[in-house]
Amino acid sequence: MRVRITLASMEREREAQEAGWRSASDQDLAAKAGILDAAAWDAHESARKKKAAEEAAERQAERERLLKQPTAQIAFLKVVENARIEFAAADTDFKRGATRPARAKAVCSTLNSRTIGGWVGRVATLSTNGDGLGVLSVEIADYIYLSTWNNSFSDFADNTLIPANSPLYQTMSSLKIGDHVRFDGRLFRSDTNVSRIELPRD
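The structure presented is a predicted model; accordingly, all values stated were derived computationally and were not measured.

Draft legend 1. Structural view of the confidence of the model for the protein. Put simply, the protein has an average pLDDT of 86, and 90% of its residues get 70 or more. Per-element confidence in the protein ranges from a low mean pLDDT of 50 for strand β5 (residues 197-198) to a high of 95 for strand β2 (residues 134-141).

Written as structure tokens, this is what we have:
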């Protein structure tokens, strides 16, 4: 039985190719699409593949546009990277500690405003605290994070935690770790760090 089926399949493949089809499978697919001519099917497939390639290129271009870092974010990351280099080069604990307030000062002088818009990154933390408030952090470069607080005590004055009845909280429910996001927010001034962020709840 297996030999007969194989021979029949080979015969059908030969007949399809003699009729101008690339394969019997192509002939079957064309028939399902209502196309009975091999040349017409080739043209149809060529146009379909061309359209698919164009759509893929458009999606990639849109993705690159969405993930392109704005000028302020690039400047911010440059300051942080310079501070990393200075920290690594410091030969005493005092010098290493001194890089933190210097970094904070440089960041504040680099950004025209503590309000940021259109920054991009990947979701690194996505959770809630003991009170059910949303906790979120975004990695904007390797090992550089902007985040909310993760507890209500520390967040008492900053108000970064995300209420359960806010649109942002609902958006978080559709995210997962590693997702790329574009976001707005407000950085908090500090003598040593500028790392916490308040995100618009709407």
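Draft legend 2. Region of interest: unusual backbone geometry. In the Ramachandran plot, Y143 falls in the positive-phi region, its phi being about 65° despite a non-glycine side chain. Along the chain, Y143 turns up in the loop between β2 and β3 (144-147). For Y143, a relative accessible area of 67% corresponds to the exposed category.

Draft legend 3. Local environment of the pattern of salt bridges. Using the criterion set out here, one finds eleven salt bridges in the structure. Across the pair E11 and R14 runs a salt bridge whose closest N-O atoms are separated by 2.2 Å. In this pair, E11 and R14 are both assigned in helix α1 (residues 2-18), three residues apart and thus about one turn of the helix distant. For E11, a relative accessible area of 33% puts it in the partly exposed group. Its salt-bridge partner being R48, residue E45 comes within 2.8 Å of it at the nearest N-O pair. Here E45 and its partner R48 are both found in helix α3 (residues 38-67), three residues apart, which amounts to about one turn of the helix. Each member of the salt-bridge network shares a partner with another, and the members are E11, R14 and E18.

Draft legend 4. Representation of the packing of helix α4 (residues 71-89) against helix α5 (residues 93-110) within the structure. At a minimum axis distance of 9 Å, the contact between α4 and α5 shows a crossing angle of 165°. Taken together, α4 and α5 sit at an angle that is classed as roughly antiparallel. For the pair α4 and α5, the crossing hand works out as right-handed. Taken together, the residues of α5 that come into contact with α4 (itself represented by A75, F76, V79, A83, E86 and F87) are R96, T99, R103, A106, V107 and T110. Broken down by class, the residue content of the contact of α4 with α5 amounts to seven nonpolar, two polar and three charged.

Draft legend 5. Layout of the nonpolar core. Core analysis: the largest hydrophobic core is formed by 20 residues, its most contacted members being F76, W119, I140, L146 and F183. Those elements that provide at least two residues to this core are α4, β1 (115-128), β2, β3, α6 (167-172) and β4 (180-187). Per-element accounting of this core gives the leading share, four residues, to α4. The contacts of I140, once residues within four sequence positions are left out, are Q69, Q73, F76, L77, W119, V120, G121, L146 and F183. In this structure, A16, A24, A30 and W41 belong to the second largest nonpolar core, which totals seven residues.

Draft legend 6. The side chain of S137, seen in detail. As for its position among the elements, S137 is in strand β2. Its relative accessible area of 8% is what places S137 among the buried residues. In this structure the side chain of S137 is engaged in a polar contact, spanning 2.8 Å, whose partner is the side chain of T125.

Draft legend 7. Quick peek at helix α2 (residues 24-32). By the burial criterion, the buried members of α2 are A24, D26 and A30. The arc enclosing the buried residues of α2, seen along the axis, measures out at 155°, which places them on a common side. Backbone geometry just downstream of α2 places G34 in the positive-phi region, at approximately 80°.

Draft legend 8. Highlighting the environment of F188. Residue position: F188 is located in the loop between β4 and β5. For the pair F188 and T115, spaced 73 residues apart in sequence, the C-alpha to C-alpha distance is 9.2 Å.

Draft legend 9. Molecular detail of α4. The first and last C-alpha atoms of α4 sit 27 Å apart over 19 residues, in line with the 27 Å expected at 1.5 Å per residue. Within α4, the full set of buried residues consists of Q73, F76, L77, V79, V80 and A83. For α4, the angular spread of the buried residues around the axis is 155°, confining them to a single face. Exposed side of α4, more than 90 degrees from the buried face: T71, K78, I85, A88 and A89 are the residues found there. The secondary structure elements touched by the buried residues of α4 are α5, β1, β2, β3 and β4.

The rules behind these values
The residue count restarts for each chain, going from 1 along the sequence in the order it is written. Per-residue local features are limited, in this predicted model, to residues with pLDDT of at least 70; the limit for side-chain atom pairs, both in listing and counting, is 80 or more; totals at the level of whole chains, interfaces and linings are taken over all residues. The basis for the side-chain values is all heavy atoms of the structure; hydrogens and waters are excluded. Across the chain, each position has a pLDDT score giving the predictor's confidence in that residue, from 0 to 100. Strands are runs of DSSP state E lasting at least 2 residues, helices are runs of H or I lasting at least 4, and numbering of each runs from the N terminus. Exposure categories follow from relative accessible area, calculated using a 1.4 Å probe and restricted to protein chains: below 20% of the type maximum is buried, above 50% is exposed, and the middle band is partly exposed. Salt bridge, as used here, is a side-chain nitrogen of Lys or Arg placed within 4 Å of a carboxyl oxygen of Asp or Glu. Only the stretch in contact is used when fitting a helix axis, every axis being a line fitted to C-alpha atoms; angles between N-to-C directions are given from 0 to 180 degrees. Between 65 and 115 degrees an angle is taken as roughly perpendicular, under 35 as roughly parallel, over 145 as roughly antiparallel, and anywhere else as oblique. Working rule for handedness: look at the near helix, and if it is turned counterclockwise from the far one by less than a right angle, call the crossing left-handed; if clockwise, right-handed. Whether two residues touch is decided by their heavy atoms; if any such pair falls within 4.5 Å, the residues are in contact. Throughout this entry, Asp, Glu, Lys and Arg are counted as charged residues, while Ala, Val, Leu, Ile, Met, Phe, Trp, Tyr, Cys and Pro are counted as nonpolar. The remaining residues, Gly among them, count as polar. Side-chain atoms within 4.5 Å link the members of a nonpolar core, which is a set of buried Ala, Val, Leu, Ile, Met, Phe, Trp, Tyr and Cys residues. Contacts described as polar in this section are N or O atom pairs within 3.5 Å, which, within protein, must combine one atom able to donate a hydrogen with one able to accept it, while residues neighboring in sequence count only if both atoms come from side chains. The arc in question is traced by the directions running from the helix axis to the C-beta atoms. Multiply 1.5 Å by the residue count of a helix minus one, and that product is the helix's expected span.

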